[in-house]
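Structural description and commentary
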2 protein chains.
Amino acid sequence: MKKFVNAVDTVLTESLDGFAAAHADIVQLGGGHKFVRRKSLKPGKVALLSGGGTGHEPLHAGFVGAGMLDAACPGQIFTSPTPDQMAEAMAEIDTGAGTLLIVKNYEGDLMNFEMAAEIAEGRVERVVVNDDLAVEDSLYTIGRRGVAGTLVVEKLVGAAAERGADLDALKALGEGVNAATRSMGVALTSCTVPAAGKPMFELGADEMEFGVGIHGEPGRRREKLRSADSIAEEIVAAIAGDLSLAKTPVLLFVNGFGGTPSMELYLMYNAARRMLEARGIVVARSLVGSYVTSLDMAGCSITVTALGDDLVALWDAPVHTAALRWGA
Amino acid sequence: MKKFVNAVDTVLTESLDGFAAAHADIVQLGGGHKFVRRKSLKPGKVALLSGGGTGHEPLHAGFVGAGMLDAACPGQIFTSPTPDQMAEAMAEIDTGAGTLLIVKNYEGDLMNFEMAAEIAEGRVERVVVNDDLAVEDSLYTIGRRGVAGTLVVEKLVGAAAERGADLDALKALGEGVNAATRSMGVALTSCTVPAAGKPMFELGADEMEFGVGIHGEPGRRREKLRSADSIAEEIVAAIAGDLSLAKTPVLLFVNGFGGTPSMELYLMYNAARRMLEARGIVVARSLVGSYVTSLDMAGCSITVTALGDDLVALWDAPVHTAALRWGA
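Note that the coordinates shown come from a computational prediction; the quantities given were computed from them, not determined experimentally.

Orientation of helix α7 (residues 262–278) of chain A relative to helix α1 (residues 11–22) of chain B, taken along the N-to-C sense of each, is 70°, at an axis distance of 7 Å. Taken as axis vectors, α7 of chain A and α1 of chain B run roughly perpendicular relative to one another. Along the contact surface, α7 of chain A presents Met-263, Tyr-266, Leu-267, Tyr-269, Asn-270, Arg-273 and Arg-274 of chain A, while α1 of chain B presents Val-11, Leu-12, Glu-14, Ser-15, Asp-17, Gly-18, Phe-19, Ala-21 and Ala-22 of chain B. Here the contact of α7 of chain A with α1 of chain B is built from residues that sort into nine nonpolar, three polar and four charged.

Pasting the structure below:
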């Protein structure tokens, strides 16, 4: 295993210490590394909490800050955080307007967030993100997996929360954004979890995993690597076939899995944009980068969200986090 | 070779098309993909131009925009741009106050930027960046190589140019920042240039290249992979031994080479910060991410810049580019 580590059992805490020190103007760490919270809370605002196994950075801790999340609970790598982590985070960030949980659709996350909600003092609602249309049911999921679209839900709900929307409105917004969002990804290599020390799965020198999950879960099929255009066309066709996109401008988000350089991501963005435009779909907003990753996996995903004017305004609203920052 | 490509000879142009489309609010492409320029020029401001071989994205095109560069010329991968690219860019961005070239210290770049300066109409000065203290003289360089410190020079000079500093002042500032900046990097894997289709060099399964260049040039030595702390300590010791850092707060910049996930970069940041603090050095500003890359190389570099109060203010000044954005 070739990684920058000191010991496999301190990778997460050392990385969180570095993250908190580098972004001390935006975040602070909870005791025992249980959560990363926004440095300055906004009293009366609905609190937004997300979290999940780590290895997907900058998701979620990189999205804590003004205009997005109030806190994120980092589990061990690819492992759900514990209910006590979430309960402590909720106790810290709920300023009286209740808490909205944004949960990716994995069994462990759902169960632990639910247990945490039961012991919380204030009112708690949740939005479950399941944007990955590659497969129904998967290693850790009943139904569709939650992947890169989680960023979009967190950004848009975060902007609305900042403007003072109440808990019910935010839950409805989050569910609406999730319903308007689809993603699918392709892996060119496996990732390596530090504690395992070897690749999670094997791919031949000319193979890709089409429809891969962000924990290396199997996708639709394993096949020979194809051209960027051919990959983009299949993903865009699947998304356009599953979402109602007629006359709706979209957000196009090309996301790297951690080991793919930005030159390739922009090339994929260019391909996906052409495929959308060939269908008469207008790309109104764009995001390209490695935001919802799988450690060092080479690969990328394409996410499309149908945007009405209201969602465009929420996307453009100021955000000030470690990984996403504009207008503030 | 496992990359998202359509054809090796269109990787660069397709990627630039995607970049320009995704960031159409910030940049526009010159004809024939010869340069990426800031969409809105600021008349009377000294024009800042950089460029070099591609494969280091987001450097340089990702730093074009308000508060940083006015244009960047992308060469083929790891290949200097041509003098006519630079001359066309200069003709487009010089609004009468002259042009400052920010050039990494590689023979091809120096020669081609000099030829371009000779045919330019307006006054042209240059700053040569040579922050890499790993080795003197290298495959493509006489003296020290220019690496991740180039971002720091571009940011600080860009902020001063935005405030109206003249050409002589900016040249002096750039040279001062370069003199106050040192970097060194470590590769855990090689990178793969698309046109070659195979890794540039071979590293054993337990080896690293200590002091590697951003084109895979050899460093100080090849050796067994060591702990993150041990790597950070050697680099910080080398930098602190070469820069005068007593009582000067610093910028600490941990840069990924493209294939290393942010969890490891923050862990390395945490290690380097501890090593600096153990020497009584205060880390006043931080940057962690993959900004000056080598395609898909796994590895990272550590850059330290000694910051006076004036440089802290320039670092904090608003910047609005594709890859670096704050305060605007």
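Now for the domain arrangement of chain A. Often the size quoted for an interface is simply the accessible area lost on bringing the parts together. All names here are of chain A. Here chain A is partitioned into domain 1 (9–179) and domain 2 (181–326). Here the C-alpha centre of domain 2 lies 21 Å away from the C-alpha centre of domain 1. Residue-level contacts link 46 residues of domain 1 with 48 residues of domain 2. Carbon and sulfur atoms make up 68% of the surface buried where domain 1 meets domain 2, a total of about 3700 Å² over both sides.

Our focus in this paragraph is the sheet that holds strand β11 (residues 250–256) of chain A. Residue and element names in this part refer to chain A. Spatial ordering of the open sheet is given by β10-β9-β8-β13-β11-β12, a layout of six strands whose pairing is mixed. With one partner strand each, in any of the chains shown, β10 (221–224) and β12 (283–289) form the two edges of the open sheet. This sheet shows a mean twist of 20° between the axes of neighbouring strands, independent of strand direction. Sheet analysis places strand β8 (residues 181–187) next to strand β13 (residues 299–306), joined by seven bridges and oriented antiparallel. Looking at the pairing, Arg-182 lines up with Val-304 of β13.

Looking now at the packing of helix α6 (residues 228–242) of chain B against helix α7 (residues 262–278) of chain B. All names here are of chain B. Running from N to C, α6 and α7 cross one another at 50°; their axes reach a closest spacing of 9 Å. Here α7 runs oblique to α6, going by the angle between their axes. Remark: the crossing between α6 and α7 carries right-handed chirality. The residues of α7 that touch α6, namely those facing Ala-228, Asp-229, Ile-231, Ala-232, Glu-233 and Val-236, are Leu-267, Met-268, Ala-271, Ala-272, Arg-274, Met-275 and Leu-276. Residue classes in the contact of α6 with α7 are distributed as ten nonpolar, no polar and three charged.

The next point concerns the relation of the copies chain A and chain B. Between chain A and chain B, which share one sequence, the superposing operator has a rotation angle of 180° and an axial displacement of 0.0 Å; the RMSD is 0.0 Å. The relationship between the two copies is best expressed as a two-fold rotation axis. In terms of proximity to the rotation axis, the leading residue of chain A is Gly-259 of chain A, whose C-alpha is 2.1 Å off the axis. Interface residue correspondence from chain A to chain B reaches 100%, placing this contact among same-surface, isologous pairings.

Next up on the list: the packing of aromatic side chains. For the structure shown, the criterion picks out six aromatic pairs over all chains. Taking the ring centre of Phe-210 of chain A as reference, the NZ or CZ of Arg-221 of chain A above it sits at 4.9 Å.

Residue and element names in this part refer to chain B. Following the sequence through the fold, Thr-99 ends up in strand β6 (residues 99–104). On the basis of relative accessibility, which here comes to 1%, the residue Thr-99 falls in the buried class. With sequence-adjacent residues up to four places away left out, Thr-99 is seen in contact with Val-46, Ala-47, Leu-49, Met-90, Asp-94, Arg-123, Val-124, Glu-125 and Leu-167.

Residue and element names in this part refer to chain A. Under the 1.5 Å per step criterion, the end-to-end length of helix α5 (residues 167–179) is 18 Å for 13 residues, consistent within 8% with the ideal 18 Å. Residues Leu-167, Leu-170, Leu-173, Gly-174, Val-177 and Asn-178 constitute the buried set of α5. One side of α5 carries all its buried residues, which in axial view fall inside an arc of 135°. In the core, the buried residues of α5 are packed alongside β3 (47–54), β6 (99–104), β7 (124–129), α4 (149–162), β8 and α8 (309–316). Two to three positions downstream of the cap, the backbone nitrogen of Asp-168 sits 3.3 Å from a side-chain oxygen, assigning the N-cap of α5 to Asp-166.

Criteria and cut-off values
- Residues numbered from 1 in each chain as written.
- Chains lettered and ligands numbered in written order.
- Predicted model: local features only at pLDDT ≥ 70, side-chain atom pairs only at ≥ 80, totals over all residues.
- Heavy atoms only, no water.
- Axes fitted to C-alpha atoms, helices over the stretch in contact; angles between N-to-C directions.
- Helix = DSSP H or I, 4+ residues; strand = E, 2+ residues; numbered from the N terminus.
- Parallel < 35°, antiparallel > 145°, perpendicular 65-115°, else oblique.
- Contact = heavy atoms within 4.5 Å.
- Nonpolar A, V, L, I, M, F, W, Y, C, P; charged D, E, K, R; others polar.
- Domains from an automatic or database assignment.
- Buried area = accessible area lost by both parts, 1.4 Å probe.
- Pairing = 2+ DSSP bridges.
- Left-handed = near helix turned anticlockwise from the far one by under 90°.
- Least-squares fit on C-alpha atoms with pLDDT ≥ 70 in both.
- Phe/Tyr/Trp six-rings, centres within 6.5 Å; stacked < 30°, edge-to-face > 60°.
- Lys NZ or Arg CZ within 6 Å of the ring centre and 35° of its normal.
- Buried < 20%, exposed > 50% of the residue type's maximum accessible area, 1.4 Å probe, protein only.
- Expected span 1.5 Å × (residues − 1).
- Arc of directions from axis to C-beta.
- Polar contact = N/O pair within 3.5 Å; in protein donor to acceptor, adjacent residues only side chain to side chain.

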